[in-house]
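Here are the chains, one letter per residue:
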Amino acid sequence: MPEPSLEPSTEPTGETRPPSAVTANVVSPASQAGARGACAAEEGRFAFLARAGEALASSLDEPTVLRQLAELVVPDLADWCAVDVVTPSGAVVRRAAAHRDSALVPSVYAIAGRWALREDGSLGVAHVLRTGEARLIPDVPEQVFLEAARGNESMEDTWRLGCRSVMVVPLVARGRVLGCLSLMSGAAGRYGEPDLELARELARRAALSLDNARLYGEARQAQARTARLQAVTASLSRAATEDAVAQVLAREVWEASGATRVAVLALEEDGLVRPLRVLGYSEDALAAFHRPASGAAREGIQCIRREAGWFGSLEEFVARYPQDAELARSHGQGARAVVPLWGDLRARGLLLLGWPEPRVFPAAERAFLEALAHQCAQALERAALYEALRERSERLRQALVTGDMGTWRLDLVHGKELRDAALNHLLGLPAVDSSLPVGDLLQYLHPEDRPHVEAEFRRNQREAPGFFEAEFRVIRRDGGVRWLHSVGQSFAGPDGKVTDLTGAMADVTRRKEAEERLQLLLDASRVLALRLDDVEAALPEVARLVVDHVATGCLVDLAAPDGTLRRVTAAHRVPEHDARLHAALGGTDRGPAYPALQCFQTGEVRFLSHVDFMRCEDFSTRTGHRALVDHLSPTSVLSVPLRARGRTLGVITLFTAEPQRTLVAADVSMAEELALRLSVALENARLFHDAQSAVRLRDEFLSVASHELKTPLTSLILQHNLIGRALESSGTPSLVTGRLNTAQRQVFRLTALVDNLLDVSRLSLGKLSLERAEVDLAQLTRDAVERLEDVFAQARCPLQLELPRTLPGHWDASRLDQVLVNLLTNAAKYGAGHPVSVRAGVDASDEAWVEVRDQGIGIDADALPRLFGRFERAVSERHYGGMGLGLYISRQIVEALGGRIDVDSQPGQGATFTLRLPRSAPLSVAAP
């Protein structure tokens, strides 16, 4: 409290002072002995302290303790008193006051309100609070005090209340100064050292009671905060979204902190701020929250992300964040707090708090708000994870439904089969999760697949845990058949036995149907390729493939010579119906709406995805055919034309009946591809027969022409011989002889060509005959070489022979000579200018061989496979001539003799032809 500017004393003065109120109550009259009076005074002090301790200990409420302290002092120790307490911010606040005249108590409070004190001040009360030492002013001089208080309203009020003797005692507990007790008396010299000691003891007990009250209050606050945190935890556990979490946080902080402004902001990963819940802020502030943060503001947000900001006043906040000064001033001068919502991974958001007045944030309050923020940050993370999980679950559910997939689990311990909604949807059941007895799924298996699937199912329940996979068919509740692909895994319990099986099933019907269509096309192509000469005979097998893969029945109609449509084959999955279809092959009682007839007439695909009863009425013109159609009960019909070169060759018809699925658009594409292959095969077969006829006519012509050409050529050769003899006998000049020789060579060449053509025609007709006899292959080779000496001489080819003395065998001499001449002639032609070697011998298998090797131009690798073909050549005929028949005829002759011809050649390194023949004739030799 304010005091006059005079130096107080802690020592008692020598003046006689009136006894204190406490001693006055216990001291005996002046006639009693001094020793007895002192003892009574001491007993009075003890009694007073006992009453004071009892009163101070009667409550743990801080205001009650301070009020009882003031009431204890007045009027026993002072005319009036004041209790000042140090706040956490260092300010001094008057918490209790008392006066003999209760009407003056407000004046005691008013003095403190007009004269604000701080713990670190320099006045009397501030000095006691700072040093923790009591002060005693036994006598305050009136004149000096009044002169000091002149113009000071607070000091004047203090003197009027009574301020002639003063004691200021600190309230110290656990080494801390909690406040001070000021005792005032209107009587000068009232207080002395004994009174100061009494005041100190009273202050010590009061400080203990105040500290206990504060500890109790802090404990209650901590308990309340703990209870609030528990309530927040419970509320957050029920909050599954960001908005719900923000609502809980804003409400709890609003109630717990006393803030008038609360904002919960979400921090995006890109640095943007998104408001979740805002309370008490103006429209401008709300608009600022929705705007992207500036560069400086974003840096501030990044800083706040790591550490909370506590600002006791506007000035502190502006000093830290000057870029937000204008917006902050619009909210007033109060305190602010910015707490990051820091989760396990990153800052999820910010908590903004505002108060209308400046304040100090105790450590307990900071810890409470930070704990609250951390809980909410974790709740935001959980909400984000829950939302992500919900979104992923929804996407997974949609993916499972869209992708025709479902999951299942077998709990063998409890005997439960758990199926999700997607799997039940695949089975045609209500799309809900279900729990049924183990084995319920087996009832939907296709009868053909049930034995092996059930056996595999039982085996996986008995054997060690592992993975399994299977494909099978199921019959839906609506009767449809679907293919499922199942994968799963079994798990074992502590005893090693299988306790759970879990997995997923996917609808692979489309894939299986596509595989069946592809397999049908492959099998049909294979069948048609094997029967190129007679495709019509392969049609029954193609029809059977169709019904085995994609359809219930298949009909094939071809165009007759008279332009009508004739049924050539039919097939059905059911043997009884198959027999009835074959019995009705020759019938012509099909009605005008019959799909095959319409398809044949228009040349376009006729597809009936659903056949109703009324439409079936127009399929037939007779009762018998109508009964057959009713008996087959088709549900879908597809007729595709067989077209080639602008002509409709026929129609292939596919139809389905229950329980098989109906035909779809993909089956139309498949049927068109099958029809194309059938059409090509039919057309190729026709062309093949036409080509065979043409080749047969050609071969017959060549045979006849060759025979006819042989007669004039033989006569011409005879005439040349007679002319030559006549010239020799008459001595005609050599010029005529040279021209005659040229003519003879051309005739011989023509004869060779005619012989080759004749041999080719014989080979084509299978009329080449062999006349086997004992032949010396070595001598036959020498004779051929000798006849071709002029040929080798003209080609400038040195000839090297390595032949055994004899090489006997059972062969056709003339045909073998033809082969040797062809090989030697080729060596001279393509090896011109290089040596030619001819060798012969017998190998270990008693097989005779003759090798003709030249060092000429060689043969390309890609020409070797076609070298022995008819009319085939490895080089250009423009440079080397020839018809390409020599090697073809030679190979046919050698193979007819049971041998073979091998060739080894590389470009630029010549060629080696090796003739290999068995020396003994086979038991039976068939003409080629």
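Going by the structure above, here's the rest.
Description of the side chain of Ser182
Here's step 1: You can see Ser182 is positioned in strand β6 (residues 176-185).
Here's step 2: Setting aside chain neighbours within four positions, we find Ser182 in contact with Trp80, Cys81, Ala82, Asp84, Val125, Met167 and Val168.

A word on the sheet that holds strand β11 (residues 347-354)
Here's step 1: The five strands lie next to each other as β8-β7-β11-β10-β9, forming an open sheet whose pairing is antiparallel. Strands at the two margins of the open sheet, each flanked by one partner only, are β8 (273-279) and β9 (309-311). The average angle at which neighbouring strand axes cross in this sheet is 15 degrees, direction not considered.
Here's step 2: Here seven bridges tie strand β10 (residues 336-342) to β11, and the two strands are oriented antiparallel to one another. Paired with Trp342 across the two strands is Ala347, which belongs to β11.
Here's step 3: Strands in contact with helix α9 (residues 242-257) are β7 (261-267), β8, β10 and β11; relative to β8, the strand with the most contacts, it is inclined by about 45 degrees.

Some points on the sheet that holds strand β26 (residues 836-842)
Here's step 1: With mixed pairing, the five strands of this open sheet are ordered in space as β24-β26-β27-β29-β28. Unpaired on one side and paired on the other, β24 (799-802) and β28 (900-905) mark the two borders of the sheet. Pairwise comparison of adjacent strand axes, ignoring direction, gives a mean angle of 15 degrees for this sheet.
Here's step 2: Where β26 lies against strand β27 (residues 847-854), seven bridges are found, and the strand directions are antiparallel. The residue bridging Ser837 from the neighbouring strand is Arg853, located in β27.

Focus on the nonpolar core
Here's step 1: The biggest cluster of nonpolar side chains holds 42 residues, and the ones touching the most others in it are Leu777, Leu816, Leu824, Phe913 and Leu915.
Here's step 2: Those elements giving two or more residues to this core turn out to be α25 (777-787), α27 (813-830), β26, β27, α29 (886-896) and β29 (911-918).
Here's step 3: Contacts of Leu777, omitting those with residues within four sequence positions, involve Leu807, Trp811, Leu816, Leu820, Ala848 and Val850.

Concerning the side chain of Asn822
Here's step 1: By the element assignment, Asn822 lies in helix α27.
Here's step 2: Taking relative accessible area as the criterion, Asn822 reaches 16% and is therefore assigned buried.
Here's step 3: Not counting the four nearest positions on each side in its chain, Asn822 is found in contact with Gly886 and Ser890.

Some details on the pairing of strand β17 (residues 498-507)
Here's step 1: The element β17 is largely enclosed, with a buried count of nine among its ten residues.
Here's step 2: Here strand β12 (residues 405-411) runs beside β17; their pairing, made up of seven bridges, is antiparallel. Across the sheet, the residue bridging to Trp408 is Gly503, located in β17.
Here's step 3: Across nine bridges, the pairing between strand β16 (residues 481-492) and β17 is antiparallel. Across the sheet, Ala492 pairs through a bridge with Val498, a residue of β17.
Here's step 4: Where β16 folds back on β17, the antiparallel hairpin that results is connected by five residues, among which Gly496 adopts a positive phi of roughly 85 degrees.

Cut-offs and rules
- Residues numbered from 1 in each chain as written.
- Predicted model: local features only at pLDDT ≥ 70, side-chain atom pairs only at ≥ 80, totals over all residues.
- Heavy atoms only, no water.
- Helix = DSSP H or I, 4+ residues; strand = E, 2+ residues; numbered from the N terminus.
- Contact = heavy atoms within 4.5 Å.
- Pairing = 2+ DSSP bridges.
- Axes fitted to C-alpha atoms, helices over the stretch in contact; angles between N-to-C directions.
- Core = buried A, V, L, I, M, F, W, Y, C linked by side-chain atoms within 4.5 Å.
- Buried < 20%, exposed > 50% of the residue type's maximum accessible area, 1.4 Å probe, protein only.

Function-wise, these values are silent; they only describe arrangement.
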